Structures are given as structure tokens and as C-alpha cells.
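What follows is each chain in one-letter form.
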Amino acid sequence: MIRLDAILDQVREYAPDADLGVVRKAWVYASKHHAGQRRKSGEPYFAHPLEVANILAGLRMDTDTIAVAILHDTVEDTPATLEEITDKFSPEIAKMVDGVTKLDKLDFRNPDEHQAENFRKLVFAMARDIRVILVKLADRVHNMRTLEAMRDEKRVRIAQETMDLYAPIANRLGIVTLKGELEDLSFKYLHPQVYAELNAQVAARAPYFDKYIERVQTQLMESLSPHMPEAEVSGRVKRLWSIWQKMQSKQLTFEEVHDLLAFRITVQNIAQCYGSLGVVHGLWAPQSERFKDYIAQPKANGYQSLHTTVVGPEAQRIEVQIRTDEMHSFGEIGIAAHWKYKEGHLALRPEEIEKYTKIRQLLQWAEDIEDSREFLDVLKVDLYADQVYVYTPRGDIRWFPGGATPLDFAYAIHTEVGHHCTGARVNGRMVKLNYKLRSGDTVEILTKPDQQPNKDWLKSAATSRALSKIRQYLRKEERDRSIGVGKSVLDQELRRFKSSLKAVTKQDGLRKALDAFGKRTAEELFAEIGYGRFSVEKVLPLYVGQDVLDAEKARQEQPEKEPTALDTITGIFRKIGRRSGSPVRIDGMDGMLTTFARCCRPLPGDHIVGFITRGKGVTVHRSDCKQALALPRERRLDVEWDVQQKIPHAAMLEIITVDRPMMLAELSKTVGKMNVNITRAEARTTREDRGFITLEVAVSDVNQLRSVMRGIERLQGVISVSRTANL
Ligand code: MN
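Note that this is a predicted model, so its numbers are computed, not measured. (Residues numbered from 1 in each chain as written. Predicted model: local features only at pLDDT ≥ 70, side-chain atom pairs only at ≥ 80, totals over all residues. Heavy atoms only, no water.)

Considering the overall build of the protein
Here comes step 1: Within the protein one finds 32 helices and 23 strands.
Here comes step 2: The long-range share in the protein, meaning contacts at least 24 apart out of those at least 6 apart in sequence, stands at 66%.
Here comes step 3: As displayed, the protein offers around 35700 Å² of accessible surface, 48% of which is attributable to carbon and sulfur atoms. (Helix = DSSP H or I, 4+ residues; strand = E, 2+ residues; numbered from the N terminus. Contact = heavy atoms within 4.5 Å. Areas by Shrake-Rupley, 256 points an atom, 1.4 Å probe, with all protein chains shown as cover.)

Put into C-alpha cells, the structure is as follows:
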């Protein structure tokens, strides 16, 4: 078991004036509580928290965090309590222990609601104190190192979780060493055979690699030291997981992977970085497409380095990374390289904390996502995505996942800016909402007050924040709409039985219906009706006697009498409340109100489309109607004519004639002969001696209307006949 002194020595090295008392106290407390406990492997349990503490000392963590590492399993596995830890140590330490304990209990692979919710809470805590996640990462590293002792099934589960979640988090925090170890260990358990094979292949070539590394090292040092005596060079074989990933993505065999070796040059300053690059390129031919300048353009996690791939000795491709010592220490331990200590405690300046806002920002977005499982999904997306950085018009840098669009930018500024975003100016040029942001772009968001999110936005946005905000908006909008529809449907039905929503609400506040269907609020009930999940016929018997309903049903089954023209016209412009009376079938929804749009007045035979309209149920338009085309697509419903229904429909004709007497009389005679009723007519004369006549006729469908139009066209003096919508 690792000794406490070894850990304390490590801490003293980077924090000479640290208060080691808290670490010693934690050791005493935890060793007492874990006494007698053993791990699956048989070794004393206490070895585990000590190893975790040791890993964290390697990341140069503050003494509170190291104490937390030693205490991290006490509350979960021993009689120790958070209260006790608060008293003996501090509320801060207790809070961190609590965070780690909760994270321990989660299974991210198939999270149920409860676990996902726990995770979400934990992420909050993380956003407040990122050290919790560092302890958890170290805990995971040690558990992965000792995973052998676990059952097969559990091993795979833990390894998958590590690969999916913890390795990306480590990467995001820039802790490359832990990330690499976590990936390789997960790889080992997830694909044991591939891993073993690859491991053997690398091992078989180890003697060759060793010699080769030495040769390149020597050559580099000889060329570098005259100019930069402090330069250091190291070489290594790449990690198995990254080799395997390359084989996978490029469909290569192990023999075909040519850049298995990576070299690192560390120098004193940035000028020397570029100087070394010149030296490297002077020795071996660079593959220019593989050059990356992460010094000028750091990665999202703050990583800086020059990466180049050259054709080295024996035509082997080798990668060379060049960086300063400072960049190197950040490159290895990431965020942890920035901890500043004052008497062993963290003392970060605001601008230093600012550097971590990218991860913090990501985590804080958690707050906005209501659905915990959704949150987990989007968090994973954000953790994996490559990052681009763009500038605000004021020159501030903002980071986004690759593929992000102006929508993501807009939502990052403010939810309202997002909701009303119409587009953006990128580097002074207008772009659409689905433009993919590129590093270095300057982005200015354009908004309009009447703009609102629609479903298509979900295809454009890439960040968790934007996606969740858009979904939230659409959900609310849909719900509001359904509540409106549900309300009118119910009211309409009640009115047919001499009651109304108002009357019912007055009597008993709808409680009968709410109780009967287990709804908490009237809005819930309306929404269900409006969504069509719930038919209004179920609610009616609560307010209308069953005998009355039966009588109505019987009446409806009688054949309808021929409606008069007046019935027809008034009936058509009134909302049609009865399903059986609607000439339109609505896909998947029963009992919805239908209204015919006055802008295009569809007739049976026309291609039609329905739109959910607040308070009016479904409004039916012709599918080529300009107004309909402008309506939000997510309100659209598939509708079709019910051919069984033979209800006369009002259609409007606009007729231009030469201005002559008796024109209107002749028109009505012609139409009347075709057994079509004219329900309204209006005539006026223009200055050019033309007559404008508008007729409203009641026809059964488009074909009948067409023959009416043909009949009118044949009349002497008629210049044109067209179908119109407005009187
Ligand atoms: Mn643990």
C-alpha cells in the first residue's frame, strides 16, 4: 500500500508551504473507517483512496482535494457521515465528498430518469467546483487499473462508461495523461482480443522502435542544441487506442500504419518553437497537410503546441510536437496546471477562472435542460465535438462545437436573441441560419421581433443549449396550441347541449372531469383533448345526461336532410364541431374542429392541407395557398377530403364582363340551370366600362365549380372567369 509520506512528499514539491495537516487528518479518519475492508482483489480497501490521492498529487491538486480523495469512499461504504466530515473537516470538503459519492452511484449507459436526474444535479455541483470531477476522474483511473478483479459483465459496463464519458471529460479538461490511460484501459476491456493482438504487434517491434527513437532523438538534439541548448527531445510509440482508431478510420492493417511514433521537443519560448520547427523541416520533408499550429490557434481545452508530420529516416512517417515547457505542463495535466496556491489552498484569479469557462459554460447549460436523459445525450455530444472559435463584434472569443451555426451563437448570447434570430453577418457577409461557423469568423446576429423558432432549427443548431431552448419553445408552443384547441372543442360540444365551458367551470371548476381522468389542471385536460389523445366524448357524459347523448347519437345516424342554401353558407363559415359533420378527415386526430380558410376556400377535389390554429381547431387551406405556405410547418397536419360527405361548399367566382345591361341576370340564369345556388352576388362597373361581378356559389366540389365556370365563359360579353377567395 502506498505510504502517506510518499503522497505528502509529492505535494511538498509543488506546494512547499501547503497545510498538510488536513491530509494527515483525512488519512487518520479514513484508515479507521476502512479498517478491515477489502477490495475484490483482496488487498486492503484503504489502498484505493490512497492511490486516488496519489494520482491527484500527480496533478498538483490542492490539499483539500487530496483530503477529499482519501475520504471519498467513507460516506458510501463506512458508517462515516457527511455531518461528521463537515464538523471534523469543513463544509467545503464535505460537499466535495458528497459530489463524488453521488457520481459513484450512477450508471450512465442506460440511465433511468432518476439516475439521469442525479447526474444532472451532480453536473451542477461540478460547474461550481470542478475539483469534484477531478477526484472522480482519478477514482476512475484507479478503478480501471484494478478492473481485472471485477466480473466480466461489470468490467465491460464500466469500461464503456469510461470510454463514453470519463475519457472525453478528461480530454475536455486537457488532462491528456489521464485521458490516454482511460482510453487504453477501456480499450483493453471493450475489445480484449483486438487489444491483445495490437499489444503483441507493438511489443514485437519494440526493439526496432527503441533503436529508431534513439536515432531520431540524437539527430534532433545535434541539430537543435547549437541554437537552443535547453531543448529537450523525447519519443514514444503512440497509444494503442489511437493506433486502433487510425486503423479503423483509414481501414488500415497494423503494418500499414506508418506514423506509430511521436516525438516531442520542449523549448524555452515561443520563438524557439518556430525555430525548432524550421530545424525539423530542414532535416526531414514535412507533409504540409499535416501541419497544425495550435500555438496561434489553441484547442478549446487550452492545449497549445505545434504539430507536424515529417518523413523521417527509413521513410517512416513521424509526428513531432513542439512546445514550451509551460505549454507542456498544461498539455499533460490541463486545467490542473493552472491551479495557484496560497498556503496550500486554491487561489485563482478571476481571469484564470475565466480560462475554464468553456467547460463551466457547458456544465451550466445543464440548468436549462428539463429532461435529464436529454441532458445526458447533449452533454455527450458537446464533450465529443471538435471546437471552433469565433469572435463577437466586440472582439470577444466564443467557443462552439464544430458544426455550430449562428443559431448556436445567438442562443449563447441570450435565449431571446436565439428565439428571434433571423440570420447573421459573418465577416460582414449575410449568412443563413444553417451556416457552419468557422474558426476566426466574426459573427453578428440579426434579429426580428416577429421571428420565432421552428422545427427546422433543430437541424441547424448544434449546441446543447440551443437545442434544448428550441425544443423547450416548440414544446410550449405545441402545448399552448393544444390547450386552445382542446378548449374550443370542449366548449363547442358543450354548447350543442345548451351548456358551455364557462357554465361548467362556474358550477364545479371542471373538477368532475379532472378527478375522473386524473388530471391536475384544466389545462392538462384541454391539452390532452387538443392533442387528440383524449376524445371529448369521454368528458361529455359528466355534464350531459347519457340519455341526451344517446338521443343525439340516434339523430345523427338519421340521413341528413337536404340543406337549404342558407343552411349551407352559414354552416360552412361556422366552426364545424361534429366529427361526423366534417367533410375533412384529419390524420390521427378525432373530434377536431375544422374551419375552411377564407383566403383560399378549398373545395372537395382541391389538394388541401390543415393547420392547427388556436381557438379554431384545424384550418383547412388549399395546399398551394400562399398564406398556408407562410404558416409554420410544425403546425401542419395531413388532411384529406371525406368522400362520403356531400356538403355544399361556398366558392367564389370573379367575372369580368363588358358592361352591358342584364349581364347579372343572364349569369344567374346560366348558373341556376346547372342546379347551383348563387348565395351572394355583387356587381360594379369600372371606369374602363368593364363589369366586375363576384358570385358566391354553393358547389359540391371542384368539378362542379369548373363546369359552372365553363358555362359562364360561354356567355356573350364575358371576358374572364376566375376562382377567387374574397368577396
Ligand atoms: Mn472510489
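Re the environment of P401
Here comes step 1: Turning to its location among the elements, P401 is positioned in strand β10 (residues 397-401).
Here comes step 2: With a relative accessible area of 7%, P401 lands in the buried category.
Here comes step 3: It is 8.6 Å that separates the C-alpha atoms of P401 and Y389, two residues lying twelve residues apart in sequence. (Buried < 20%, exposed > 50% of the residue type's maximum accessible area, 1.4 Å probe, protein only.)

A word on the coordination of the manganese ion
Octahedral six-donor coordination of a metal ideally yields angles of 90 or 180 degrees, compared with 109.5 degrees for tetrahedral four-donor coordination.
Here comes step 1: Coordination of the manganese ion by the protein is provided by H48 (NE2), H72 (NE2), D73 (OD) and D139 (OD), with metal-donor distances spanning 2.2 to 2.5 Å.
Here comes step 2: Mapped onto the sequence, the residues coordinating the manganese ion show the spacing H-x23-H-D-x65-D. Separated by 91 residues along the polypeptide, H48 in helix α3 (residues 47-58) and D139 in helix α9 (residues 131-145) bring together distant segments of the chain. (Donors = N, O, S within 2.8 Å, 3.2 Å for Na, K, Ca; no water.)

Looking at the sheet that holds strand β17 (residues 617-622)
Here comes step 1: If you trace the four strands from one edge of the open sheet to the other, you get β15-β17-β16-β18, paired in mixed fashion. Each end of this open sheet is capped by a strand with a single partner; those strands are β15 (594-596) and β18 (636-637).
Here comes step 2: Note: strand β16 (residues 608-613) against β18, two bridges, orientation antiparallel. Opposite F611, over in β18, you have R636 as the bridge partner. (Pairing = 2+ DSSP bridges.)

Overview of the nonpolar core
Here comes step 1: L56, I66, L71, I93, L137 and I265 are the most contacted members of the largest nonpolar core, which totals 100 residues.
Here comes step 2: Three or more residues apiece are contributed to this core by two domains, here domain 1 (4-190) and domain 2 (199-335).
Here comes step 3: Once residues lying within four places of it in the same chain are set aside, the contact partners of I93 are V22, D64, A67, V68, L71 and I85. (Core = buried A, V, L, I, M, F, W, Y, C linked by side-chain atoms within 4.5 Å. Domains from an automatic or database assignment.)

Quick look at the side chain of H142
Here comes step 1: In this fold, H142 is placed in helix α9.
Here comes step 2: Judged by relative accessible area, which is 5%, H142 ranks as buried.
Here comes step 3: Those residues in contact with H142 that sit more than four places away from it in its chain are R39, H48, E51, V52 and I55.

Take it as geometry only, folks, not as evidence of what the structure does.
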